[in-house]
Amino acid sequence: MPRFRNFATNSKLNPSSKPVIVGTKPYYAPGDSVDVTCMSAPSRPAAILKWWINGEEARTKRMPSVESPDGLFTSKLRLKFEARPNHFWEGKMKLQCEAIISQAHTLRSEEIIITSNGATTATGAYDQQKDGPTIDGGKHVYSVGDLVDINCTAARSQPPAELHWYINDKEVRPDYLVPRKPIVYHNGEESPVLGLKFIVKQRHFQKQEMRLRCTATLSEVKRMTSEPLEAILAEQQKSDLHVDLNISSGTLNILGSWF
C-alpha cells in the first residue's frame, strides 16, 4: 500500500489592529509642516502602507520594515507636506492610512510514495485533514513506462485555492499539468481540480521511490484603515489651527481659518 504524509505550513496570523498615526503636534498654523507617520501592527508578511488625503492617494517615500525577534514585521510610512487652504474640501481635510497585507496560506497536502518495484495506490488518503487537497484517479500499480493520470481537488473556498503538483519535492513541468473543470457550488465557492499526467521514467525514482505531492495555496488580502484625522476649517479671528486630540477614539480635530 502507498504511504501518505500530511504537510502544513505554519504562518503568522494577520493582525486585527488598525494602523495608528503618530507625530501630531498640538497646534498648526497655515504654512506649517504636517509631519505624521503611520505604523502598522506587527505581521508577517510586512504590511504595505498607503496614505490618503481627502480620499486621494498621497505620494510618499517607502520606509524599510523592522523585523522583531519573533519574526514579525512593523511597517512605517511618513507623510510630510505644508498645510494649504486647498487641502480643505467643504471645510474639512481628512487624512487616513491604509495597511494592506497579502498572505498565502499553504494548506495541508497529500503525498503518495511509490516504490520502484510498483505499489498499490488508493483514491483516498489516510489521515487526510478535511481542509487539505485530495488525490484520486490512480491505478493499482505503477512501474517504469506506465502512465500516471491523477487529479488533485482542493477544498471548497472563495476565493478558490491555487493547486500545485510536485514530484520528489520539485514542482512539475507545465506540460505535466492538465487543467480540469472546477466544482462550483451554489453559494459561489469553488473546488479547483488540477490533473497530473506523465509517463513514469527511471529518473523519477530516487532511492527506489517516487513521491507525488499536491498542495493547495489560498491567498488572502486584508485591508485595514486607520481612524481618520479630520481637520475642520472653522470661522475664527486667529489664523491658526487648534488640535483637539481624543486619545480614546483615535480621532484628531483641527480647527482653524485663513483670511
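Residues numbered from 1 in each chain as written. Predicted model: local features only at pLDDT ≥ 70, side-chain atom pairs only at ≥ 80, totals over all residues. Heavy atoms only, no water.

Under an unreviewed UniProt entry, the name given to the chain is C2-set_2 domain-containing protein, and the source organism is Trichonephila inaurata madagascariensis.

A.B. asks: Summarise the overall build of the chain; cite the residues concerned and give the values.
C.D. replies: For the chain, the helix and strand inventory stands at zero helices and 22 strands. In the chain, which comprises 259 residues, the share counted as buried stands at 39%. Here the analysis covers contacts within the chain between residues at least 6 apart in sequence; of these, 68% occur between residues at least 24 apart. When the accessible surface of the chain is totalled, it reaches about 14900 Å², and 52% of it is carbon and sulfur. (Helix = DSSP H or I, 4+ residues; strand = E, 2+ residues; numbered from the N terminus. Buried < 20%, exposed > 50% of the residue type's maximum accessible area, 1.4 Å probe, protein only. Contact = heavy atoms within 4.5 Å. Areas by Shrake-Rupley, 256 points an atom, 1.4 Å probe, with all protein chains shown as cover.)

A.B. asks: Talk me through the pattern of salt bridges; I want residue IDs and the actual numbers.
C.D. replies: All chains considered together, the criterion is met by eight salt bridges. A salt bridge links Arg 180 to Asp 149, with the shortest nitrogen-to-oxygen separation between them at 3.2 Å. In this pair, Arg 180 is assigned in the loop between β15 (177–179) and β16 (183–184) and Asp 149 in strand β12 (residues 147–153), connecting sequence segments 31 residues apart. Among the residues examined, Asp 149 registers a relative accessible area of 30% and is labelled partly exposed. Of the charged contacts, one joins Asp 169 and Arg 211 as a salt bridge, the two residues approaching to 2.9 Å between their closest N and O atoms. (Salt bridge = Lys/Arg side-chain N within 4 Å of Asp/Glu carboxyl O.)

A.B. asks: Just give me the short version of the sheet that holds strand β11 (residues 134–136), but keep the residues and values in it.
C.D. replies: Strand pairing in a sheet relies on backbone hydrogen bonds, with the paired strands running either antiparallel or parallel. In spatial order, the strands read β11-β12-β18-β15; together these four strands make up an open sheet with antiparallel pairing. What marks the edges here is a single partner per strand, and that holds for β11 and β15. Along the sheet, successive strands turn relative to each other by an average axial angle of 30 degrees, direction set aside. Of the strand pairs in this sheet, β12 and strand β18 (residues 193–199) are connected by seven bridges, and their pairing is antiparallel. The partner of Thr 153 across the bridge, within β18, is Val 193. (Pairing = 2+ DSSP bridges. Axes fitted to C-alpha atoms, helices over the stretch in contact; angles between N-to-C directions.)

A.B. asks: Account for unusual backbone geometry, with residues named and values stated.
C.D. replies: With an omega of 5 degrees, the peptide bond between Gln 158 and Pro 159 qualifies as cis. In this fold, Pro 159 is placed in the loop between β12 and β13 (162–167). Despite not being glycine, Asn 54 shows a phi value in the positive range, around 55 degrees. Inspection of the secondary structure puts Asn 54 in the loop between β5 (48–53) and β6 (56–57).

A.B. asks: Residues and numbers for the side chain of Ser 40, please.
C.D. replies: Secondary-structure assignment places Ser 40 in the loop between β4 (33–39) and β5. Only 2.9 Å separates the side chain of Ser 40 from the backbone nitrogen of Ser 75, close enough to count as a polar contact. With sequence-adjacent residues up to four places away left out, Ser 40 is seen in contact with Pro 19, Ala 47, Leu 49, Phe 73, Thr 74 and Ser 75. (Polar contact = N/O pair within 3.5 Å; in protein donor to acceptor, adjacent residues only side chain to side chain.)

A.B. asks: Talk me through the state of the cysteines; I want residue IDs and the actual numbers.
C.D. replies: All chains considered together, the criterion is met by two disulfides. One disulfide in the model links Cys 38 with Cys 97; its S-S distance is 1.9 Å. Linking Cys 38 and Cys 97, the disulfide has an S-S dihedral of approximately -80 degrees and is accordingly described as left-handed. Placement of the pair is Cys 38 in strand β4 and Cys 97 in strand β10 (residues 92–115), with a sequence separation of 59 residues. (Disulfide = S-S within 2.5 Å.)

A.B. asks: Got a sec to walk through the nonpolar core? Specific residues and values, please.
C.D. replies: Counting 23 residues, the largest nonpolar core has Ile 150, Trp 165, Leu 196, Phe 198, Met 210 and Leu 212 as its most contacted members. Looking at this core, the elements that each hand over two or more residues are β10, β12, β13, β18 and β19 (209–225). For Met 210, the contacting residues outside a window of four places in its chain are Ile 112, Ile 113, Ile 114, Ile 167, Asn 168, Phe 198, Val 200, His 204 and Phe 205. The next biggest cluster of nonpolar side chains, apart from the first, holds 21 residues, and it includes Val 36, Leu 95, Ala 99 and Ile 101. (Core = buried A, V, L, I, M, F, W, Y, C linked by side-chain atoms within 4.5 Å.)

A.B. asks: I'd love a proper account of the environment of Lys 222, names of residues and values included.
C.D. replies: Mapped onto the elements, Lys 222 comes out in strand β19. Judged by relative accessible area, Lys 222 falls into the partly exposed class, the value being 25%. Along the chain, Lys 222 and Ser 102 lie 120 residues apart, while their C-alpha atoms are 6.4 Å from each other.

A.B. asks: Break down the packing of aromatic side chains for me, with residues and values.
C.D. replies: Within this structure, the stated rule accounts for one aromatic pair. Ring geometry for Tyr 176 against Phe 198: centres 5.1 Å apart, planes inclined by 5 degrees, an arrangement best described as stacked. Remark: Phe 198 occurs in strand β18 and Tyr 176 occurs in the loop between β14 (170–171) and β15; sequence separation between them is 22 residues. The same class applies to Tyr 176 and to Phe 198, which are both buried. (Phe/Tyr/Trp six-rings, centres within 6.5 Å; stacked < 30°, edge-to-face > 60°.)

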